[in-house]
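Coordinates in review
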Amino acid sequence: MPPAAIAPLYDQHGRPLEYLRLAVTDRCNLRCFYCMPEEGIQYMPKYELLSYEEMLRLTGLLAGLGVRKVRLTGGEPFVRRDLVPFMERLAQLPGLDDISLTTNGVLTAPHVPALARLGVKAVNLSLDTLDRARFFEITRRDELPRVLETFHALLAAGIQVKINAVVMDGRNIDDLVPLAALSRDLPVDVRFIEEMPFNGGSHAAGPASLPWHHLRIRQHLEAHFGALTPLVTPAGATASEYRIAGHRGTVGIIAAYSRTFCGTCNRLRLTAEGGLKTCLYDQGVLDTRALLRGGASDAEIVAALAAAFRNRAANGFEAERQRPLHQLSFESMATIGG
Ligand code: SAM
Ligand code: SF4
């Protein structure tokens, strides 16, 4: 029997709750310099991470509040043991119709058949360059061949691939055109992301140090490919999508730091230790692990989740202003989940 229709939950600014980004671990096998320092971040002890049981309980409760789509992220999701069996159980929760993940692709290729079997329609693959030496400079690991193996395995399995490339001044600007050119013959969406300051203390970053904002990225691509034709995107999308004349796939630009998309934001984030974020730029608004491990009932947890979502900031600038004094660059994207 299909689940009873769920009345969507709206926040105080009229935006519905539809989408959960779930960080299944803070651990990672790469050291992308825009995400964490070379020596890595201070990983949390295992018992501080949510267990799969706890994630299933929270996700089930959020599905009851309207969440339809869940994206697994991290850290690197495939670094956590038994990810696929967890996904199988997630897929059985009533109400979810889209389970996907964001991966760096290093360990992913052997799992592609299982992802296809699970009905995963799209995978976001992080790839900032097609050049092996530059890949090493950016990620501090020589893993480009394995990432490309994943890329081709996903395409062969008929899973839609969205490439995520962070645009970094002085690091991969020469790579933007070759990456976008992948969309000429392949059915991929190549998305360019403004660099955000969440680098775990790798380096300072702020508004003055964002030379590659979304407008400049578009100009750069248009200087090579000609005018980009804007495409209609669903409400809640963070990428502005474009078609390049004659290309089979698409390109997208994500104004992650300029924050142009907050007006339709429909998502929640859960960090690996159970911190609930109602905005990428807030510092965490609810400790779900304390509720789970403190014996809260489902009704109490649902009430706390709903209150947090209703109360969210209007946009990422307001959320940032509401943070206690704490620089964004002390946080790592590996704990936030992207
Ligand atoms: N490890 C997986 C991966 O890299 O795909 C999943 C987690 S990663 C934190 C999720 C996304 O965040 C990746 O696409 C990554 O490129 C992006 N990201 C990480 N740090 C970023 C930053 N400082 N600015 C913009 N995007 C960032
Ligand atoms: Fe790891 Fe992803 Fe962060 Fe790179 S961006 S260090 S792959 S979590």
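Just above, that's the structure.
Presented here is a report on the structure given in the accompanying data block. (Residues numbered from 1 in each chain as written. Chains lettered and ligands numbered in written order. Predicted model: local features only at pLDDT ≥ 70, side-chain atom pairs only at ≥ 80, totals over all residues. Heavy atoms only, no water.)

Attention now goes to the packing of helix 6 (residues 176-185) against helix 7 (residues 214-225). At a minimum axis separation of 10 Å, helix 6 and helix 7 run at an interaxial angle of 70 degrees. By the angle between their directions, the pair helix 6 and helix 7 is classed as roughly perpendicular. Crossing handedness for the pair helix 6 and helix 7: right-handed. For the pair formed by helix 6 and helix 7, the contact residues are Leu 176, Val 177, Ala 180 and Ala 181 on the first element and His 220, Leu 221, His 224 and Phe 225 on the second. Grouping the constituent residues of the contact of helix 6 with helix 7 by class yields six nonpolar, two polar and no charged. (Axes fitted to C-alpha atoms, helices over the stretch in contact; angles between N-to-C directions. Helix = DSSP H or I, 4+ residues; strand = E, 2+ residues; numbered from the N terminus. Parallel < 35°, antiparallel > 145°, perpendicular 65-115°, else oblique. Left-handed = near helix turned anticlockwise from the far one by under 90°. Contact = heavy atoms within 4.5 Å. Nonpolar A, V, L, I, M, F, W, Y, C, P; charged D, E, K, R; others polar.)

This part covers the site of ligand 1. By nearness alone, 20 residues border ligand 1, and Tyr 34, Gly 75, Thr 103, Ser 126 and Met 196 come closest of all. At 3.0 Å from a nitrogen atom of ligand 1 is found a main-chain nitrogen or oxygen belonging to Gly 75. In the model, an oxygen atom of ligand 1 is placed 3.2 Å from a nitrogen or oxygen of the Asn 164 side chain. Relative to its unbound accessible area of 540 Å², ligand 1 is 95% covered by the protein chains. Mapped by element, the contributors of at least two residues to the shell around ligand 1 are strand 3 (98-103), strand 5 (160-167) and strand 6 (189-194). Per-class residue counts for the shell around ligand 1 are seven nonpolar, 10 polar and three charged. (Near = heavy atom within 4 Å. Polar contact = N/O pair within 3.5 Å; in protein donor to acceptor, adjacent residues only side chain to side chain. Areas by Shrake-Rupley, 256 points an atom, 1.4 Å probe, with all protein chains shown as cover.)

Inspection of the region around ligand 2 gives Cys 28, Leu 30, Cys 32, Tyr 34, Cys 35, Met 36, Gly 75, Asn 104 and Ala 334 as its neighbouring residues. Looking at the shell around ligand 2, its residues break down into seven nonpolar, two polar and no charged.

Attention shifts here to the packing of aromatic side chains. Within the structure shown, the criterion is met by four aromatic pairs. Centroid distance Phe 33 to Tyr 34: 5.9 Å. Interplanar angle 65 degrees. Geometry classified as edge-to-face. Residues Phe 33 and Tyr 34 agree in their burial class; the two are buried. An aromatic cluster is present here, built from Phe 198, Tyr 257 and Tyr 281 joined pairwise through their rings. Directly above the aromatic system of Tyr 52 lies the positively charged group of Arg 80, at a separation of 4.5 Å from the ring centroid. Cation over ring: Arg 216 sits above Trp 212, and NZ or CZ is 3.8 Å from the ring centre. (Phe/Tyr/Trp six-rings, centres within 6.5 Å; stacked < 30°, edge-to-face > 60°. Buried < 20%, exposed > 50% of the residue type's maximum accessible area, 1.4 Å probe, protein only. Lys NZ or Arg CZ within 6 Å of the ring centre and 35° of its normal.)

Honestly, that's just the spatial picture; any functional story needs more than this.
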